[in-house]
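Topology and contacts: notes
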Amino acid sequence: RNYNLVSGAALLVEQEGVGVLFGGLGSTLVGYLVQGSLKYGCYEVFKPLVLNAHVTDQRLLALGIAAGCAEILGRCVYMFVYVYV
């Protein structure tokens, strides 16, 4: 039988109970919290470095560069921990 999202969720709730729908919620929220805090922290570190290095005269572009560096570093660290731990 083919199930769509709603009928599949209803079947899961019927067979397993409502708690099965929230099984991975805690670990997902903790992961997003760690990744978000890493990216925000890295952005706050890179922002003055990029602005003071006079990489570009355009402030928006400099902040975009800082955000991109923070995204790359935050995601790499997070994925390293996620994969190897």
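Sequence order as written defines residue numbering, which begins from 1 separately in each chain. The model is predicted, so local features are restricted to residues of pLDDT at least 70 and side-chain atom pairs to those at 80 or more, both for listing and for counting; the totals for chains, interfaces and linings are taken over all residues. The basis for every side-chain value is the complete set of non-hydrogen atoms in the structure, without hydrogens or water.

Here the focus is the packing of helix H2 (residues 25-52) against helix H3 (residues 59-84). Geometry of a packed helix pair, given as the angle between the helix axes and the separation of the axes. Closest axis-to-axis distance for the H2/H3 pair is 7 Å, and the angle between their directions is 140 degrees. As the angle between them shows, H2 and H3 are arranged oblique. Once H2 is placed against H3, the crossing between them reads as right-handed. Note that Gly is not counted as nonpolar here; it falls among the polar residues with everything else outside the nonpolar set of Ala, Val, Leu, Ile, Met, Phe, Trp, Tyr, Cys and Pro and the charged set of Asp, Glu, Lys and Arg. In the contact of H2 with H3, the residues fall into 17 nonpolar, 3 polar and 5 charged. Between N-to-C directions, angles span 0 to 180 degrees; the directions come from axes that are lines fitted to C-alpha atoms, helices contributing only their stretch in contact. In this text, helices come from DSSP runs of H or I with a minimum length of four residues, and strands from runs of E with a minimum of two, each type numbered from the N-terminal end. These descriptions rest on fixed angle ranges, namely under 35 degrees for roughly parallel, over 145 for roughly antiparallel, 65 to 115 for roughly perpendicular, and the rest for oblique. Should the near helix be turned anticlockwise from the far one by less than a right angle, the crossing is left-handed, and should it be turned clockwise, the crossing is right-handed.

The next point concerns the environment of Lys-39. Note on placement: Lys-39 falls in helix H2. For the pair Lys-39 and Ala-67, spaced 28 residues apart in sequence, the C-alpha to C-alpha distance is 8.1 Å. Contact criterion: two residues are considered in contact whenever any of their non-hydrogen atoms come within 4.5 Å of each other. When residues no more than four places from it in sequence are discounted, the contact partners of Lys-39 are Ala-70, Glu-71, Gly-74 and Arg-75.

Position of Ala-9 relative to the elements: it lies in helix H1 (residues 5-16). Along the sequence, Ala-9 and Val-20 sit 11 residues apart, while their C-alpha atoms lie 9.5 Å from each other.

Next up on the list: unusual backbone geometry. The phi angle at His-54 is positive, at roughly 55 degrees, despite the residue not being glycine. With respect to the secondary-structure elements, His-54 resides in the loop between H2 and H3.

Looking now at H1. Helices are assigned an expected span. That span is 1.5 Å times one less than the residue count. A rise of 1.5 Å per residue sets the reference length of H1, with its 12 residues, at 16 Å; its end C-alpha atoms lie 16 Å apart and thus fit the reference within 8%. We call two N or O atoms a polar contact when they sit within 3.5 Å, provided that within protein one can donate a hydrogen and the other can accept it, with sequence-adjacent residues counted only if both atoms are side-chain atoms. Between a side-chain oxygen at the N-terminus of H1 and the backbone nitrogen of Val-6 the separation is 3.2 Å; the capping residue is Asn-4. Directly after H1, the chain includes Gly-17, whose backbone phi takes a positive value near 105 degrees.

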